[in-house]
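In case you want the letters, here they are:
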Amino acid sequence: MTDKHKTVEESLDQIRTTTFLGLLIPLLPLLGFLVNGFLGKYLPKSVIGWIGSLSVLGSFICTLILFRQAGPTDAIQIDLFSWIALGSIDISFGLTIDALTLIMLMVVTGIGFLIHLYSIGYMHADEGFTRFFVYLNLFIFFMLLLVMGSNLLMMFIGWEGVGLCSYLLIGFWFKNPSYNDAAQKAFVMNRIGDLGFLLGMFFILFHFGTLDFSTIEQMAPSLVADNGLLIAITMLLFIGATGKSAQIPLYTWLPDAMAGPTPVSALIHAATMVTAGIYMIVRTNVLFAMAPFTLAVILWIGVATSVVAAIIGLKQNDIKKVLAYSTVSQLGLMFAALGLGAFSSGIFHLVTHAFFKALLFLGAGSVIHALHGQQDIRWMGGLKKLIPITYITFIIASLAISGFPLLSGFFSKDEILAHAFQQNLPVWIILSLSSLLTAFYMFRLVYLTFFNDFRGTEETRSHIHESPWTMTVPLIILCVLSVLGGLMGLPVVFHANHWLNTWLADVTAPAAAILHQGHHISHTMEVILMSVAGIGAILSILYARHVYLTRRSVPESDEAMSGWGKVIYQKFYVDELYDRWIVAPAFKLAEWLGNVFDKHVVDRVVTLTAGFLDASGRTLRVFQSGNTGSYVFAMVLGIVVLFIIRLLI
Amino acid sequence: MDQLLFLSVSALTVISALVVVLSKNPMYSVLSLIFCFFTIAGHYILLHAQFLAITHIIVYAGAIMVLFLFVVMLLNLNKDSDQPKVGKLRVAATISAGMLFVTLLASLKSTRLGEFTLPAPSDIGLVEHIGIRLFTDYLLPFEISSILFLSAMIGAVVLAKKDKN
Amino acid sequence: MDTLIQAVPLNWYLFLSSFLFCIGVMGVLFRRNAIVILMCIELMLNSVNLLLVAFSSYSGNSDGQIFVFFIMVVAAAEVAVGLALLVSIYRNTGSTDIDFLNKLKW
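Residues numbered from 1 in each chain as written. Chains lettered and ligands numbered in written order. Predicted model: local features only at pLDDT ≥ 70, side-chain atom pairs only at ≥ 80, totals over all residues.

S.K.: Please explain the overall build of chain C as it appears in this structure.
M.R.: Counting its secondary structure elements, chain C contains 4 helices and 0 strands. Helices and strands in chain C line up, N terminus first, as α-α-α-α. Per-residue burial for chain C yields a buried fraction of 54% across its 106 residues. A separation threshold of at least 6 residues defines the contact pool for chain C, and within that pool the share at least 24 residues apart is 46%. (Helix = DSSP H or I, 4+ residues; strand = E, 2+ residues; numbered from the N terminus. Buried ≥ 20, exposed ≤ 12 C-beta atoms within 10 Å, placed from the backbone. Contact = placed C-beta atoms within 7 Å.)

S.K.: Hey, could you run me through the overall build of chain B in this one?
M.R.: A count of helical and extended segments in chain B gives 6 helices and 0 strands. Each helix and strand of chain B, ordered N terminal to C terminal, gives the series α-α-α-α-α-α. Out of the 165 residues in chain B, the part that is buried amounts to 28%. Partitioning the intrachain contacts of chain B with sequence separation of at least 6 by distance along the chain shows that 56% fall at a separation of at least 24.

S.K.: I tried to follow the nonpolar core on my own but got confused; where do I start?
M.R.: Taken as a class, soluble globular proteins show a tendency for nonpolar side chains to be buried jointly. Ranked by size, the top nonpolar core spans 196 residues in total, and within it A:Phe139, A:Met143, A:Leu144, A:Ala336, A:Ala358 and A:Leu359 carry the most contacts. Here this core gets 17 residues from one element, more than from any other, and that element is helix H4 (residues 129–148) of chain A. Excluding anything up to four places from it in sequence, A:Met143 contacts A:Val108, A:Gly158, A:Val162, A:Thr272 and A:Met273. The next biggest cluster of nonpolar side chains, apart from the first, holds 73 residues, and it includes B:Phe37, B:Ala93, B:Leu100 and C:Ile98. (Core = buried A, V, L, I, M, F, W, Y, C linked by C-beta atoms within 7 Å.)

S.K.: Just checking my understanding: could you explain the interface of chain C and chain B for this structure?
M.R.: When the parts of a complex come together, some accessible area is lost, and that lost area is often taken as the interface size. At the junction of the two partners, chain C supplies 60 residues and chain B supplies 74 residues. Elements supplying a minimum of two residues to the side of chain C that touches chain B: helix H1 (2–5), helix H2 (10–30), helix H3 (34–59) and helix H4 (63–93) of chain C. Considering each element in turn, the side of chain C that touches chain B owes the most residues, 20 residues, to H4(C). For the side of chain C that touches chain B, the residue count by class is 44 nonpolar, 12 polar and 4 charged. (Nonpolar A, V, L, I, M, F, W, Y, C, P; charged D, E, K, R; others polar.)

S.K.: How do you make sense of the packing of helix H25 (residues 628–648) of chain A against helix H4 (residues 87–109) of chain B when you look at a structure like this?
M.R.: Between two packed helices, both the angle of their axes relative to each other and the distance between the axes serve to describe the pair. It is the contact of H25(A) with H4(B), at a shortest axis distance of 9 Å, that shows an interaxial angle of 25°. Here H25(A) is positioned roughly parallel relative to H4(B), judged by the angle of their axes. Note that H25(A) runs across H4(B); the crossing there is left-handed. The residues of H4(B) that touch H25(A), namely those facing A:Val636, A:Leu637, A:Ile639, A:Val640, A:Phe643, A:Ile644, A:Arg646 and A:Leu647, are B:Ser96, B:Met99, B:Leu100, B:Thr103, B:Leu104, B:Ala106 and B:Ser107. A breakdown of the residues in the contact of H25(A) with H4(B) according to their chemical character gives 11 nonpolar, 3 polar and 1 charged. (Axes fitted to C-alpha atoms, helices over the stretch in contact; angles between N-to-C directions. Parallel < 35°, antiparallel > 145°, perpendicular 65-115°, else oblique. Left-handed = near helix turned anticlockwise from the far one by under 90°.)

S.K.: Mind showing me how you'd approach the confidence of the model for chain C here?
M.R.: In low-pLDDT regions, the fine details of the predicted coordinates are not to be read closely. Residue and element names in this part refer to chain C. Here chain C averages 84 in pLDDT, while 88% of its residues score no lower than 70. When pLDDT is averaged over each helix and strand of chain C, the minimum, 45, is found for H1 and the maximum, 90, for H3. Contacts for the low-pLDDT stretch residues 1–5, under 50 throughout, to residues beyond four places or in other chains number 7 contacts. The ipTM assigned to the predicted complex is 0.86, against a pTM of 0.70. (pLDDT = per-residue confidence, 0-100.)

S.K.: Sorry if this is basic, but what is going on with the pairing of strand S2 (residues 89–97) of chain A here?
M.R.: Residues and elements named next belong to chain A. Bridge count between strand S1 (residues 76–86) and S2: 9 bridges; the pairing is antiparallel. The partner of Ala85 across the bridge, within S2, is Asp90. Following S1, the chain reverses through 2 residues before pairing antiparallel with S2; Gly87 in that reversal takes a positive phi of roughly 55°. (Pairing = 2+ DSSP bridges.)

S.K.: Looking at this structure, I do not really get the packing of helix H15 (residues 343–370) of chain A against helix H20 (residues 469–484) of chain A. What am I missing?
M.R.: All names here are of chain A. Put simply, H15 and H20 touch, their axes get as near as 9 Å, and they point 150° apart. In terms of their interaxial angle, H15 and H20 are classed as roughly antiparallel. Once H15 is placed against H20, the crossing between them reads as left-handed. For the pair formed by H15 and H20, the contact residues are Phe355, Phe356, Ala358, Leu359, Leu362, Gly363 and Ser366 on the first element and Met471, Pro474, Leu475, Leu478, Cys479, Leu481 and Ser482 on the second. Here the residues of the contact of H15 with H20 sort into 11 nonpolar, 3 polar and no charged.

S.K.: Would you mind showing me how to read the environment of B:Ala11 here?
M.R.: Counting through the fold element by element, B:Ala11 comes out in helix H1 (residues 2–22). Sequence separation between B:Ala11 and B:Thr39 is 28 residues; the distance between their C-alpha atoms is 9.4 Å.

S.K.: I'm lost on the environment of C:Val28 in this one. Help?
M.R.: Here C:Val28 is to be found in helix H2. The class of C:Val28 is buried, set by 25 C-beta atoms lying within 10 Å. Placed 16 residues apart in sequence, C:Val28 and C:Met44 show a C-alpha to C-alpha distance of 9.9 Å. Apart from residues no more than four positions distant in its own chain, C:Val28 is found in contact with A:Val632, C:Ile37, C:Cys40 and C:Ile41.

S.K.: Would you take a moment to explain helix H16 (residues 388–402) of chain A for this structure?
M.R.: Residue pairs three or four apart in sequence face the same way in an α-helix, which turns once every 3.6 residues. Residues and elements named next belong to chain A. When the terminal C-alpha atoms of H16 are compared, their 21 Å separation across 15 residues agrees well with the 21 Å that a helix rising 1.5 Å per residue should span. With 11 of 15 residues buried, H16 lies mostly within the body of the structure. Considered for burial, the residues of H16 that qualify are Thr390, Tyr391, Thr393, Phe394, Ile396, Ala397, Ser398, Leu399, Ala400, Ile401 and Ser402. Buried residues along H16 sit in contact with helix H14 (319–339), H15, helix H17 (408–423), helix H18 (425–450), H20 and helix H22 (523–550). Backbone geometry just downstream of H16 places Gly403 in the positive-phi region, at approximately 85°. (Expected span 1.5 Å × (residues − 1).)

S.K.: Explain H20(A) here, please?
M.R.: Residues and elements named next belong to chain A. Taking 1.5 Å of rise per residue, 16 residues should cover 22 Å, and H20 covers 22 Å from first to last C-alpha, within 8% of that figure. All buried positions along H20 are accounted for by Met471, Thr472, Pro474, Leu475, Leu478, Cys479, Leu481 and Ser482. Of the surrounding elements, those touching the buried residues of H20 are helix H3 (99–122), H15, H16 and H17.

S.K.: For this particular structure, what's the right way to read unusual backbone geometry?
M.R.: In most cases, non-glycine residues show a negative phi, while peptide bonds are predominantly trans. All names here are of chain A. Residue Pro249 follows Ile248 across a cis peptide bond; omega there is 5°. Mapping Pro249 onto the fold places it in the loop between helix H8 (228–244) and helix H9 (253–256). In this model, Ala246 sits at a positive phi of 55°, which is unusual for a non-glycine residue. The topology assignment puts Ala246 in the loop between H8 and H9. In this model, Phe572 sits at a positive phi of 60°, which is unusual for a non-glycine residue. Take Phe572: there are 14 C-beta atoms within 10 Å of it, and that puts it in the partly exposed class.

Dropping the structure here:
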């Protein structure tokens, strides 16, 4: 009896602790945001940086504690209060922490902390130092809401919040008008996607009567698969995902978003925010699994994005632009995985990509930092000796993203390719091609940046120095993760359990139950595929070495470009097309509305209303004589009229 | 006899009320209004509302009307100073009052109150009964009315006080 | 006498009070002297009082009479404040003619 009592007490205690920790995760960055935001001007820079970083570290520690306690099937549900209760609709302000959320939390808080730490060094000379950390903490808070929300509306708050922070941080150096344009472009493109998300949410609410993930998950399998409504819902949600995760046709904002400080590119536009679309689809995987049509659309959009972005990446000369297109390409790969129904593979690649892409961006930041803002690789070269830590970590990250055997990217990419090979051979061919391109342009970047002789001015060269420890330590940690990240998803061939698949089995179970994937390909085949991919990557790297190291070729200057090279360098003129066919007509319409419609319709209505009121006021004014006697008169007459009305009725 | 009594008292009431309205001198108005209130008190007695009749005389004749008298004399208005409104307005006023009366009567016509008769005299109009009710069922309004008086008193004093400047 | 008075129907009181009320209304419309207007208002109040007492007595319920009591309370307060207002108006304008009070507009 007492024992039983005790255990009940203990489990209650346990629940209280986990709830507390769960709440602490988003609250700590919020607290950091508030402290830095309101008291920032009274605090010294070093304190601000550490407040921002440590608040994220606190969240990370809370996540780790929860992770140690939790099993893959546990889901911590924290319902703070009932937020919107309208008739039968009840949307709670609730947080959920399950296996998928924990993975995302670790990525967001872990990498988030490292990037905060890095920013202390990277931004130390910037006048907007405080503002930067305030935005970053706010971003982390919203990102945590996004991944922790227990219903679509909560997710949407985070979704919009990270969009806002992304806007603020892209336009961080707001004195440069083109940066502001980039921020606006990102914001508007995201809005287009958000509209899809919002509409999808309304459809779900209309159809299911709830936005709660767990309820939707329970209700969905009873629907008829592939009916119009499900396709509409999933397509709309996917439009939301294309906006946030930079897929065709809404991908053009991401390369422009590189206008923001490099840590922002690493955190928001590589590791966390842009993966929100993938997270959202995995979160609602049951709906997507029931709409094979949408899955096919996702697959082909993912494949197309992956290869188009990779081709564009071949010719870019801005170190951050190359990385940005590589991000778009890798995101396309993740979407292709989702389209194949391999949800946990998508998450696997998301995590490893977060490691090595954050590392690449931070490394690029370190290079830019060393060169005092120079971003064009045509003016770099020979940095290998000058900034050795950056060089080593950067090259390992490049190997990882290229799919060099046994590094993290190799396993995650290979898993997606294996799924593709098993289900759809053309997809496999295109994705393999895209990863060969990836390996090539990444090493083009590496060789142009770090090898041969320095191509910049002598003065810049004399100032090149390795970055401070706050910047190199995150590089080293991320480097270790990039190497070892594959361990969480070792394929069965290696006689290991695929830990991540097991861990996420409960989350992806509803989709798995519907999709009935066929038998896995044989182990021999898998090994062959891996070898092909690995050898392909190595060959591609060697070719890049041949072109850029042995032959020492340097990309031609902007004027010298011609033919296809120029088309690719100009990103297939997609931006120009959008400008011509969408933006310009929109401006025309706005101009017409402003000059014609507003002047002749809106203004006239307003003037007429005012004139009518004015005239009636003048008329009524006669009765308002101010004479008390006439008021009494009017009152008596009114009473008489009332009596007469009463008599008549 | 009873009807005669009612009619004669009513006649006095109506006549004195008309004098209030029609006399040019405010002084006469005040005096005839006092008389009118006395006849109304007579009606109260006819209706077995003895307590109210006495209260009525004390409050209206004894307090309110004295106040009126004071003001009339204080402002030196006891002459034919009040110029009635111009002819058109007088006609309009009489007509609208008449219309009000007619419509009132018309709306009262449909009632069947004529069938009611006065019950045998009971003690409901006596001070004992009214007092008990005032201090039981109506205690709160009774007490609140004292606050009303207090505020009216303060208000009157403040308003009537001479401005220093 | 008590037995005799029973012959008065309730209607009569209705007519009497309506008539008194209309006389009061006429006075309010008719006169320009604010003091007389106040008196007419008192007259109207009293016509209502009379009706309340009549109903109360005819129905054998004393609630109406208590209402009348409270109306007297309010009337007394109203007169006190009203006359004070008049005095102060008189001091400012030198008249109690309401036609001078035409400032009730912006």
